[in-house]
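The lines below spell out each chain.
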Amino acid sequence: MSPTDTTAVTHEVHIDAEPETVFAFFTDPDKMIQWKGRQAELDPRPGGVYRVDVTGEHVARGEYVELDPPHRVVFTWGWEGGDAVPPGSSTVEITLTEQGGGTLVRLEHRDLPESERGPHGQGWDHYLERLVVAAAGGDAGPDPWDEEGPERS
Amino acid sequence: MEAAARAIAEPRRRAILRLVRDRELSAGEIASHFDVTRPAVSQHLTVLREAGLLAERRDGTRRLYQARPEGLEDLRAFLDEFWAAGLERLKLAAELDQSRKDRKR
């Protein structure tokens with residue numbers, strides 16, 4: 001991550017659950033699809049695959065880089081078949097901190113291709129690609145158990 | 001931002017944006033790149049313009065179109081929201097899971 005990287009997307013949320021409980025939602029495929037994606041293939045060890053089918057058409061793919069249960073998980077991230085953000089080209093870091101009997105979750109998605117952002121660079125395709133996925137996610141609504149959401153077997 | 005998301009959900013509209021990201025083109029020039037009717041292209045241009053992704057400029061009798069870089073900043077904000085929404089779903093799912101565990105104890 002370069003010092004001038006202003007592209008990192010960061011978010012924090014407090015969850016009334018133990019860090020152990022929350023951590024599993026980043027490593028267990030059945031739990032992963034309860035909040036993101038329709039299908040997930042996860043091999044939670046350094047170098048192991050992180051593959052989440054987000055919309056049926058868009059698949060996020062990367063590799064686990066670091067796991068320190070239940071405090072930290074880092075994985076690379078990109079779109080399968082995407083030129084602008086190829087698999088593994090950006091990094092997502094999740095930090096879990098015990099807070100008031102619950103967990104503070106901090107998500108940082110960094111190394112996004114900010115330097116080439118804008119109408120003259122590949123940033124354009126990057127944004128379009130991502131937005132399509134975001135739009136599809138938005139259409140699915142807030143309910144992860146919606147029939148249009150995760151596939152149930 | 002939902003308008004922007006809907007606007008680019010259509011593949012042809014994404015193609016139009018790519019076409020005019022570096023240069024201004026008239027509606028006719030844009031239409032010549034696609035195998036669709038001129039009114040259909042006009043409709044796409046309207047949707048993109050209303051979503052803030054496309055700038056329209058009059059040059060005599062012609063209307064010229066170019067992608068709006070400012071629209072990208074809006075898109076970025078939307079992507080930010082994408083992750084925020086994900087974490088909200090995570091919160092619901094994890095808290096439900098925790099309450100199940102607590103009941104078993």
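Residues numbered from 1 in each chain as written. Chains lettered and ligands numbered in written order. Predicted model: local features only at pLDDT ≥ 70, side-chain atom pairs only at ≥ 80, totals over all residues. Heavy atoms only, no water.

(A) Just the overall build of chain A, in detail. The helix and strand tally for chain A stands at three helices and seven strands. Counting helices and strands in the order they occur from the N terminus, chain A gives β-α-α-β-β-β-β-β-β-α. Classification of the 153 residues of chain A by burial places 53% in the buried group. Within chain A, counting contacts between residues at least 6 apart in sequence, those at least 24 apart form 39% of the total. (Helix = DSSP H or I, 4+ residues; strand = E, 2+ residues; numbered from the N terminus. Buried < 20%, exposed > 50% of the residue type's maximum accessible area, 1.4 Å probe, protein only. Contact = heavy atoms within 4.5 Å.)

(B) Summary view of the confidence of the model for chain B. Residue and element names in this part refer to chain B. Per-residue pLDDT for chain B has a mean of 85; in total, 87% of the residues score no lower than 70. Mean pLDDT across the elements of chain B bottoms out in helix α1 (residues 2-9) (69) and peaks in strand β1 (residues 25-26) (94). Both confidence scores are given for the complex: pTM 0.61, ipTM 0.71. (pLDDT = per-residue confidence, 0-100.)

(C) Spatial organisation of the sheet that holds strand β3 (residues 62-67) of chain B. Residue and element names in this part refer to chain B. Spatially, the three strands line up as an open sheet ordered β1-β3-β2, and their pairing is antiparallel. Single-partner strands in this sheet number two, and they are β1 and β2 (54-59). As defined by bridge partners, β1 adjoins β3 across two bridges and the pair is classed as antiparallel. Paired with S26 across the two strands is L64, which belongs to β3. (Pairing = 2+ DSSP bridges.)

(D) Broad picture of the sheet that holds strand β2 (residues 39-42) of chain A. All names here are of chain A. Here we have seven strands laid out as an open sheet, ordered β1-β7-β6-β5-β4-β3-β2, and antiparallel in their pairing. In this open sheet, the two edge strands, each paired with only one partner strand, are β1 (9-15) and β2. Neighbour-to-neighbour, the strand axes of this sheet turn through a mean angle of 20 degrees, independent of strand direction. Relative to strand β7 (residues 102-110), β1 runs antiparallel, the two sharing seven bridges. In the strand pairing of β7, H11 is matched with L107. (Axes fitted to C-alpha atoms, helices over the stretch in contact; angles between N-to-C directions.)

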